[in-house]
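So the chains spell out like this:
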Amino acid sequence: MYSVAAYGDMIRDRGRMAAYLTALRHAIRPGASVADIGTGTGIMACLACLCGADRAIARANGLAGRIHFIEKMSTSVTLPERVDVIVSDLRGVLPLLQHHVPSIIDARRRFLKPNGVLVPRRDVVRIAVASAPDLYERHVTPWERNDYGLDMRAVSRIETNAWRKCRARADHVLLAPQSLPALDYETVETANLAGELRWEVAAAGEAHGLVGWFDADLGHDVTFTNAPGAPELIYGQAFFPWSRPVTLRIGDAVSVSMRAILVGEDYVWTWDTRVVDATTGETRADFHQSSFFGSPLSPETLARRSADHVPSLNEDGRLDHLILELLDEHAPLGRIADEVFAKFPGSLATREAALARVADLSTRYSD
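Residues numbered from 1 in each chain as written. Predicted model: local features only at pLDDT ≥ 70, side-chain atom pairs only at ≥ 80, totals over all residues. Heavy atoms only, no water.

Novice: Help me understand the overall build of the protein, please; the structure alone is not making it clear to me.
Specialist: Looking only at helices and strands, the protein features 11 helices and 14 strands. Along the longest, intermediate and shortest principal axes, the C-alpha atoms of the protein span 75 × 60 × 40 Å. Accessible area of the protein: about 19,700 Å², with a carbon and sulfur share of 53%. With 40 positive and 47 negative side-chain charges, the protein shows a spacing of 3 Å between the two charge centroids. (Helix = DSSP H or I, 4+ residues; strand = E, 2+ residues; numbered from the N terminus. Areas by Shrake-Rupley, 256 points an atom, 1.4 Å probe, with all protein chains shown as cover. Lys, Arg positive; Asp, Glu negative; His and termini not counted. Charge placed at Lys NZ, Arg CZ, Asp CG, Glu CD.)

So, in structure tokens, the structure goes:
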């Protein structure tokens, strides 16, 4: 979920907004129907109407009668008829964010007319080897050096398995970018992405990891990029640190196997790196990193996620179980709140707290 302030930042991003407006003007014909997936404030839907195609923003712009807002996940919606255009921007720093790709696949299959238009049409993730001591220091400095004489290096190992949003500069790029397979939204059938990247070092230097961004194709030759050195967009870039800095010499071979696998609500990124000495053929770096190891999970937590674990509900689980049972019986929310407050006084401080919890579960799970 984005905050209102974050939506404001998106609207202020003139490069992004100008590209989308131009693409919509090309894609939309008079009388066309448009689905805006992840509409947020509704600005894309309003722009779609202005290009030819009942919230406050729609009413304020005289468009309320032409826009129907549906406050559900798109995958839970059935439209009365297919549409001519689907517009979306569900990306984060990179296009692979939570259920962005599955949502577009589903919308393309169920919402779009034959020969309909997707905006964007495709994204290409680009990865470069980076010489970026300043970006790398953010991952390791607090854990490898402190004023208290404590050895915190165990956390450094966790942090170098996590990627972060950054603002990379053009001079951070040491080895020119390579592309992962394109996300062609007209044909993509899987949420996952994987690719093999290879470089022969042409410019020596100390490398600290990988910088990632994407090139967007919105159709009709309308494009934008959040590449380092390009006009700054809201997305920023992604920095994938290496386990340690590596001095690269001219002629060295660098290979990276990169994978993004959707697990649950978000992606697990893996980047395996090998650096081979040009002269001796010796492997000077062999890193195996994954955002799975970037989350500090205790052995007890991992054990509770194993296939042979037999769980039992704690008090919170029993409370939610009762609420869901009563929701399934179509009881009014106030009566449910009264019942769970009476049965779980230790978990709910007030009747109002009980009603808020019931309302949250009702919003999440009821039609």
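Next comes the rest of the account.
Novice: Sorry, what's going on with the sheet that holds strand 2 (residues 83-88) here?
Specialist: Hydrogen bonds between backbone groups are what pair the strands of a sheet, and the pairing can be parallel or antiparallel. Strand order in the open sheet made by the 3 strands is 1-2-3, with parallel pairing throughout. Each end of this open sheet is capped by a strand with a single partner; those strands are strand 1 (34-37) and strand 3 (112-119). Strand-to-strand, the axes of this sheet are offset by a mean angle of 25°, without reference to chain direction. Bridge count between strand 1 and strand 2: 4 bridges; the pairing is parallel. Across the sheet, the residue bridging to Val34 is Val85, located in strand 2. Each of strand 1, strand 2 and strand 3 touches helix 5 (residues 100-110); the most contacted strand, strand 3, lies at about 150° to it. (Pairing = 2+ DSSP bridges. Axes fitted to C-alpha atoms, helices over the stretch in contact; angles between N-to-C directions. Contact = heavy atoms within 4.5 Å.)

Novice: Honestly, the pattern of salt bridges in this entry has me stumped. Any pointers?
Specialist: All told, the structure shown has 23 salt bridges when counted by the stated rule. Between Arg12 and Asp9 there is a salt bridge whose closest N-O contact spans 2.3 Å. With Arg12 and Asp9 both in helix 1 (residues 4-12) and 3 residues apart, the pair spans about one turn of that helix. The exposure class assigned to Arg12 is exposed, which follows from its relative accessible area of 58%. By relative accessible area, which is 38% here, Asp9 ends up partly exposed. Where salt bridges share partners, they join Arg16, Asp89, Arg91 and Asp123 into one cluster. (Salt bridge = Lys/Arg side-chain N within 4 Å of Asp/Glu carboxyl O. Buried < 20%, exposed > 50% of the residue type's maximum accessible area, 1.4 Å probe, protein only.)

Novice: For this particular structure, what's the right way to read the packing of aromatic side chains?
Specialist: To describe a pair of aromatic rings, you give the distance between the ring centres and the angle between the ring planes. Here the structure, examined in full by the defined rule, presents 9 aromatic pairs. Considering the side-chain rings of Phe240 and Trp271, the 5.0 Å spacing of their centres and the 75° angle between planes classify their relative orientation as edge-to-face. Pair noted here: Phe240 is in strand 11 (residues 237-248) and Trp271 is in strand 13 (residues 266-276), with a separation of 31 residues, a long-range link. Since its relative accessible area comes to 0%, Phe240 is described here as buried. Considering the side-chain rings of Trp242 and Phe287, the 6.0 Å spacing of their centres and the 50° angle between planes classify their relative orientation as tilted. One end of the pair, Trp242, is in strand 11; the other, Phe287, is in strand 14 (residues 283-290), and 45 residues separate them in sequence. Across this residue pair, the class does not change: Trp242 and Phe287 are buried. (Phe/Tyr/Trp six-rings, centres within 6.5 Å; stacked < 30°, edge-to-face > 60°.)

Novice: Honestly, helix 11 (residues 351-365) in this entry has me stumped. Any pointers?
Specialist: An α-helix turns once per 3.6 residues; consequently, residues spaced three or four apart project the same way. Counted at 1.5 Å a residue, the expected span for helix 11 with its 15 residues is 21 Å, and the 21 Å between its end C-alpha atoms agrees. Along helix 11, the residues that are buried comprise Ala354, Val358, Leu361 and Ser362. Buried residues along helix 11 cover an arc of 105° about the axis, so they all sit on one side. When the buried face of helix 11 is taken as reference, the exposed residues oriented beyond 90 degrees from it are Glu352, Asp360, Thr363 and Arg364. Here the buried face of helix 11 lies against helix 9 (315-328) and helix 10 (333-343). (Expected span 1.5 Å × (residues − 1). Arc of directions from axis to C-beta.)

Novice: Would you take a moment to explain the layout of surface pockets for this structure?
Specialist: Here the idea is plain: a probe the size of a water molecule rolls over the atoms and shows the empty space left. Looking at the second largest pocket, its volume works out to about 710 Å³. Around the second largest pocket, the lining is made up of 28 residues, and of these Leu97, Trp163, Asp266, Tyr267 and Trp269 lie nearest the centre. Put simply, the parts of the chain that give the lining of the second largest pocket at least two residues each are helix 1 and strand 13. For the lining of the second largest pocket, the element with the most residues is strand 13, which contributes 4 residues. Looking at side-chain class alone, the lining of the second largest pocket contains 17 nonpolar, 4 polar and 7 charged residues. (1 Å grid on protein atoms, 1.4 Å probe; cavity = no way out; pocket = protein on both sides within 12 Å on 5 of 7 lines; lining within 4 Å. Points joined across faces, edges and corners; volume = space filled by probe spheres on them. Nonpolar A, V, L, I, M, F, W, Y, C, P; charged D, E, K, R; others polar.)

Novice: I would appreciate a short explanation of the environment of Asn192 in the present structure.
Specialist: When you line up the elements, Asn192 lands in the loop between strand 7 (183-184) and strand 8 (193-200). Residues contacting Asn192, with those up to four places away along its chain left out, are Ala260, Ile261, Leu262 and Tyr267. At a separation of 2.8 Å, a polar atom in the side chain of Asn192 contacts the main-chain amide nitrogen of Leu262. (Polar contact = N/O pair within 3.5 Å; in protein donor to acceptor, adjacent residues only side chain to side chain.)

Novice: What exactly am I supposed to notice about the pairing of strand 13 here?
Specialist: Along strand 13, 8 of the 11 residues are buried, which leaves the element largely enclosed by surrounding structure. Examined bridge by bridge, strand 12 (residues 253-263) and strand 13 share 11 bridges and lie antiparallel to one another. If you follow Val254 over to strand 13, its bridge partner there is Val275. Counting the residues between successive antiparallel strands, the hairpin from strand 12 to strand 13 contains 2 residues, one of them, Gly264, with a positive phi of roughly 65°. Examined bridge by bridge, strand 13 and strand 14 share 7 bridges and lie antiparallel to one another. What sits directly across from Thr273, in strand 14, is Phe287.

Novice: Before we go on, may I ask you to explain empty space enclosed by the protein in this structure?
Specialist: If you add up the space inside the largest cavity, you get close to 40 Å³. For the largest cavity, the full set of lining residues is Ile86, Ser88, His100, Ile104, Leu118, Val119, Pro120 and Tyr185. Those elements giving two or more residues to the lining of the largest cavity turn out to be strand 2, helix 5 and strand 3. By residue class, the composition of the lining of the largest cavity is 6 nonpolar, 2 polar and no charged.

These figures capture arrangement, not role.
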